Amino acid sequence: MANLAGTVQLHYEEAGQGLPVVLIHGFPFNHTIWRAQIDALSDSFHVIAPDLRGFGESPVPEGGYTMEIMAADVVALLDQLGIERAVWVGHSMGGYVTMAALREFPDRVMAVGLVATHPLADSQERRVQRLESAERALLNGSSDTAFSMIAVLFSSNVEGSSALAQSIYHIMVNTSPTAVAGAQRGMADRPDSRETLSKTDLPMLVVLGTQDRIVDRDVATAMVQTLSRARLVMIEDAGHMPMVEQPEATTGALRTFLLPLH
Ligand code: MLT
């Protein structure tokens, strides 16, 4: 039995039937970033899109949110739904959570989608920045994080004043400061996952926007080269949020990956 001590019951959206596919959002978002994929993929798959602890409508515990406890929350949700194994698709921090699941709960993972994410741990400098940002969130709220992230999330085609950018800003600024701090602390503590990835022989899809300003294309490409069964799909005219910036291309890449797994 998996160790699920300390897990919380996640809020989630569920649609469709068939192969279970869990869509895990990044930081500091919630499951609604996957709206287009939930609606499209549920014609053929059982799509489950949780709000990670602290985010969306899930409970907001105090303290650090390690990638492992967030993965355990998702496993507890799979247990609740009677699902033994699922395809885990993680965006950015959701990818870090998926890599933690590969370490801690490998029996619960059938295949992996990594969207705009990478396996490296933080540099010391990045760690310090994260811990400072956690403190600032607890003191001043989530707007600093929302403001600094909105500037780097999209390709050059998306204006900050556009409806798309504003909808994502709205999600970030309304995320609980406790969750911003908890996730920043958890990400600061996450280990390097390159060995975890290279040890697995599960089917993997890596999706990256050609204009992602958060994930380095060379790091993503190097990651794919070490994996025996991975495929890289680059999404044109997309930054760090390909699922909302180029929803059809992102859904198409996921569908092509998922169909043979049926
Ligand atoms: C995310 O989108 O989840 C974040 O950019 C991840 C990070 O801060 O490393």
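See the structure printed just above.
Rules used in this analysis
- Residues numbered from 1 in each chain as written.
- Predicted model: local features only at pLDDT ≥ 70, side-chain atom pairs only at ≥ 80, totals over all residues.
- Heavy atoms only, no water.
- Salt bridge = Lys/Arg side-chain N within 4 Å of Asp/Glu carboxyl O.
- Helix = DSSP H or I, 4+ residues; strand = E, 2+ residues; numbered from the N terminus.
- Near = heavy atom within 4 Å.
- Polar contact = N/O pair within 3.5 Å; in protein donor to acceptor, adjacent residues only side chain to side chain.
- Areas by Shrake-Rupley, 256 points an atom, 1.4 Å probe, with all protein chains shown as cover.
- Contact = heavy atoms within 4.5 Å.
- Phe/Tyr/Trp six-rings, centres within 6.5 Å; stacked < 30°, edge-to-face > 60°.
- Buried < 20%, exposed > 50% of the residue type's maximum accessible area, 1.4 Å probe, protein only.
- Lys NZ or Arg CZ within 6 Å of the ring centre and 35° of its normal.
- Pairing = 2+ DSSP bridges.
- Right-handed = clockwise from strand over helix to strand, strands pointing away.

Chemist: Please explain the pattern of salt bridges as it appears in this structure.
Modeler: Taken as a whole, this structure holds 14 salt bridges when the rule is applied. A salt bridge links Glu68 to Arg103; its shortest N-O distance comes to 3.3 Å. Of this pair, Glu68 sits in helix 2 (residues 67–81) while Arg103 is found in helix 3 (residues 93–104), placing the two residues 35 residues apart along the sequence. Put simply, Glu13, Arg35 and Asp39 are held in one network by salt bridges that share partners.

Chemist: In this structure, what is going on with the site of the ligand? I would like to understand it.
Modeler: The full set of residues close to the ligand is Gly26, Phe27, Phe29, Ser92, Met93, Tyr96, Arg126, Arg130, Met149, Met187, Ile214 and His240. Take Arg130: an N or O atom from its side chain is 2.7 Å from an oxygen atom of the ligand. One nitrogen or oxygen atom from the side chain of His240 is found 2.8 Å from an oxygen atom belonging to the ligand. Surface burial for the ligand is 95%, taken as the share of its 270 Å² of free accessible area covered by protein chains. Elements with a minimum of two residues in the shell around the ligand: helix 3 and helix 4 (124–140).

Chemist: So what exactly am I meant to see when it comes to the environment of Asp122 here?
Modeler: Here Asp122 is to be found in the loop between strand 5 (109–115) and helix 4. As for Asp122 and Pro191, which are separated by 69 residues in sequence, their C-alpha atoms are 8.2 Å apart. Not counting residues within four places of it along the chain, the set of residues in contact with Asp122 comprises Arg127, Arg130, Met187, Ala188 and Arg190. Side chain to side chain, Asp122 and Arg130 meet in a polar contact 2.6 Å long. Polar contacts involving the side chain of Asp122 include one to the side chain of Arg190, which spans 2.9 Å.

Chemist: Would you mind showing me how to read the side chain of Thr145 here?
Modeler: Within the element layout of this structure, Thr145 appears in helix 5 (residues 143–150). If sequence neighbours within four positions are ignored, Thr145 has contacts with Phe27, Pro28, Ser133 and Val180.

Chemist: Would you take a moment to explain the packing of aromatic side chains for this structure?
Modeler: Describing an aromatic ring pair means giving the distance of the ring centres and the angle of the ring planes. Scanning the entire structure with this criterion turns up one aromatic pair. Note on Phe27 and Phe55: the rings are 6.3 Å apart at their centroids and 80 degrees apart in plane angle, and the pair reads as edge-to-face. Linking Phe27 in the loop between strand 2 (20–24) and helix 1 (35–41) with Phe55 in the loop between strand 3 (46–50) and helix 2, this pair joins segments that are 28 residues apart in sequence. By the burial criterion, Phe27 is buried, and Phe55 matches it. Over the ring of Tyr65 we find Arg53; its NZ or CZ atom is 5.8 Å from the centre of that ring. The cationic tip of Arg190 hangs over the ring face of Tyr96; the distance from NZ or CZ to the ring centre is 3.9 Å.

Chemist: Just to check I follow, could you spell out unusual backbone geometry for this structure?
Modeler: Trans peptide bonds make up the majority, and among non-glycine residues the majority have a negative phi. Look at the link from Phe27 to Pro28: it is a cis peptide, with omega at -5 degrees. Relative to the helices and strands, Pro28 is located in the loop between strand 2 and helix 1. If you check the backbone angles, Ala116 has positive phi at about 50 degrees while not being a glycine. Structurally, the position occupied by Ala116 is in the loop between strand 5 and helix 4. One non-glycine residue, Asp237, lies in positive phi territory at about 55 degrees. Here Asp237 shows up in the loop between strand 7 (230–235) and helix 10 (242–245).

Chemist: Looking at this structure, I do not really get the pairing of strand 5. What am I missing?
Modeler: Look at any regular strand and the pattern is simple: side chains alternate between the two faces of the sheet. With six of seven residues buried, strand 5 is to be regarded as a mostly interior element. In this sheet, strand 5 lies alongside strand 4 (residues 86–91) in parallel orientation, the contact comprising six bridges. Bridge pairing in strand 5 links Gly90 to Leu114. Handedness of the crossover is the feature at issue here: the chain leaves strand 4, passes through helix 3, returns alongside strand 5, and the resulting connection is right-handed. Here strand 5 pairs with strand 6 (residues 204–209) via four bridges, running parallel. Pairing of Gly113 across the sheet is with Leu205, part of strand 6.

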